[in-house]
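# Structural description and commentary
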Amino acid sequence: MQFFKWLRVKVIELSNWVLFTVSVLMVLISSLMMIILEPETFTTLFDSLWWVMTTVTTVGYGDISPVSVGGRIYAMFLYIIGIGLIGVVIGKVVDGFGAFRRRKEEGLLAFKGTDHIVIIGWSQKAKFAIEEILQTDNFREIVIIDKLNKVPYLHELVHYVQGNPAEEEVLMQANLPKAAAVLLFADDSIQDPLLTDGKTLLTVTTIERLSPDIHSTVEILNEDHIKNFRHVKVDEFILSNETISRLAVRSAITNGISKIFSQLMSHGIGDNIYEIKAHPEWKTYRDAFNDLLAEGATLIADGQKMDINRRLDEKIPKDARLFVICDKETYDKIRT
């Protein structure tokens, strides 16, 4: 008994590649051995392989079995050694899948995908952002970066990387250079807005150094701090405190306006804002406006220019970014 206990411990201590290689060699050699020992019973290599596999993984099916003394002695060897070895291999495989799942949930695995969106900082705002992205694009992968012990949002398209987002190694683990965009939320755990925006600035600086061309959207708490970001490239700033306050004031002055803003900002409610490509037959904004209106969509802007109704006779530039208001069905029809 001590020998078998010692043997089992030594087998378990073997590296996975050695263990798998030994197991495959044992199966192949055993298949050849049975053909040599009992050519009348095992007429083909496949029959021999079938018997070996059913022997070392189960108790056998009984459809084929050795009848000679040599064949049965070798079968007893497989019962003692082979079944134990394959059992260890199966256990290693199961443990490997479990370890992989644990490492993924703990954010310890590197993300290898591309064209994904990186969200830095977990909060309710990040949760709402993920749900909005998933509603907008059913195939877009998302990588969350935070210091939580486990993934905060379970979804097949959502991946998690644990660590400090200001560190290069963590951002590389999220494959930042291959990402389509990065969305950075302010750290709600820091009470001082100056320290919060300072941490955001440090993270943005690292992002800019690793991926200078990535589209970045950054939440800051104080508008006066924007000037401190002048040495780094940030595509868009979100002033969360000012935005909420201004929306509240607008709602107080004009009853119901907050519902309009909510509808336009959420792809899960009513009509929304979409970006479309200019069609080749559109020469002026009027051409685009009339065609889109006939389809049930309203052209409202070209990039940040929202005065389309006063520039209808102007030619549409080649780099135009046209935005329309419509429902999802209309958008699916006009974007093709």
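Structural data are supplied above this passage.
Residues numbered from 1 in each chain as written. Predicted model: local features only at pLDDT ≥ 70, side-chain atom pairs only at ≥ 80, totals over all residues. Heavy atoms only, no water.

### Digging into the overall build of the protein
- Helices and strands together make up the secondary structure of the protein, namely eleven helices and nine strands.
- Summing over all exposed atoms, the protein offers an accessible surface of approximately 20,700 Å²; the carbon and sulfur share of this is 60%. (Helix = DSSP H or I, 4+ residues; strand = E, 2+ residues; numbered from the N terminus. Areas by Shrake-Rupley, 256 points an atom, 1.4 Å probe, with all protein chains shown as cover.)

### Quick notes on helix H2 (residues 16–37)
- Helix length check: H2 (22 residues) gives 31 Å between terminal C-alpha atoms against 32 Å at 1.5 Å per residue, within 8%.
- Of the residues making up H2, those classed as buried are Leu-19, Ser-23, Met-26, Val-27, Ser-30, Ser-31 and Met-34. Each buried residue of H2 lies within a common arc of 125° when the element is viewed along its axis, so the set occupies one face. Summarising the geometry of H2, the exposed residues directed more than 90 degrees from the buried face are Trp-17 and Ile-36. (Expected span 1.5 Å × (residues − 1). Buried < 20%, exposed > 50% of the residue type's maximum accessible area, 1.4 Å probe, protein only. Arc of directions from axis to C-beta.)

### Some points on the pattern of salt bridges
- By the definition in use, this model includes 13 salt bridges.
- Between Arg-101 and Glu-105 there is a salt bridge whose closest N-O contact spans 3.3 Å. Here the residue Arg-101 and the residue Glu-105 both occupy positions in helix H4 (residues 69–105), the gap between them amounting to four residues, near one helical turn.
- Residue Glu-105 is classed as partly exposed on the basis of its relative accessible area of 22%.
- A salt bridge links Asp-235 to Lys-233, with the nearest nitrogen and oxygen atoms 3.1 Å apart.
- What emerges from the salt-bridge pattern is a single network uniting Lys-125, Asp-188 and Glu-219. (Salt bridge = Lys/Arg side-chain N within 4 Å of Asp/Glu carboxyl O.)

### Quick notes on a nonpolar patch on the surface
- On the surface, Val-69, Ile-73, Met-76, Tyr-79, Ile-80 and Ile-83 cluster together to form a nonpolar patch covering roughly 590 Å² of accessible area.
- If you trace the backbone, Ile-80 turns up in helix H4.
- Overall, Ile-80 belongs to the exposed group, its relative accessible area being 51%. (Patch = residues over 30% accessible without salt bridge, like charges linked within 9 Å, V, L, I, M, F, W, Y side chains within 5 Å.)

### Some details on the packing of H2 against helix H3 (residues 45–57)
- With their axes 8 Å apart at the nearest point, H2 and H3 run at an angle of 125° to one another. Judged by the angle between their axes, H2 and H3 are oblique. Crossing geometry of H2 relative to H3 is assigned as right-handed. Here Met-26, Val-27, Ser-30, Ser-31, Leu-32, Met-34 and Ile-35 of H2 lie close against H3, whose contacting residues are Leu-45, Ser-48, Leu-49, Trp-51, Val-52, Met-53 and Val-56.
- Counted by class, the contact of H2 with H3 contains eleven nonpolar, three polar and no charged residues. (Axes fitted to C-alpha atoms, helices over the stretch in contact; angles between N-to-C directions. Parallel < 35°, antiparallel > 145°, perpendicular 65-115°, else oblique. Left-handed = near helix turned anticlockwise from the far one by under 90°. Contact = heavy atoms within 4.5 Å. Nonpolar A, V, L, I, M, F, W, Y, C, P; charged D, E, K, R; others polar.)

### Looking at the sheet that holds strand E3 (residues 158–162)
- Spatially, E3-E2-E1-E4-E5-E6 is the arrangement adopted by the six strands of the open sheet, whose pairing is parallel. Unpaired on one side and paired on the other, E3 and strand E6 (236–239) mark the two borders of the sheet. Across the sheet, the mean angle from the axis of one strand to that of its neighbour is 20°, orientation sign disregarded.
- When strand E5 (residues 215–220) meets E6, the two strands line up parallel, connected through four bridges. For Glu-219, the partnering residue across the bridge sits in E6 and is Ile-238.
- Together, strand E1 (117–120), strand E4 (181–184) and E5 form the strand contacts of helix H7 (residues 193–210), whose direction differs from that of E4 by roughly 165°. (Pairing = 2+ DSSP bridges.)

### Details of helix H10 (residues 285–295)
- For H10, the set of buried residues is Tyr-285, Ala-288 and Leu-292. Down the axis of H10, the smallest arc covering the buried residues is 65°, so these residues share one side.
- In the core, the buried residues of H10 are packed alongside strand E7 (272–276), strand E8 (298–302), strand E9 (322–326) and helix H11 (328–334).
- Positioned one or two residues after H10, Gly-296 has a phi angle of 100°, which is positive.

Distances and angles like these do not, on their own, reveal function.
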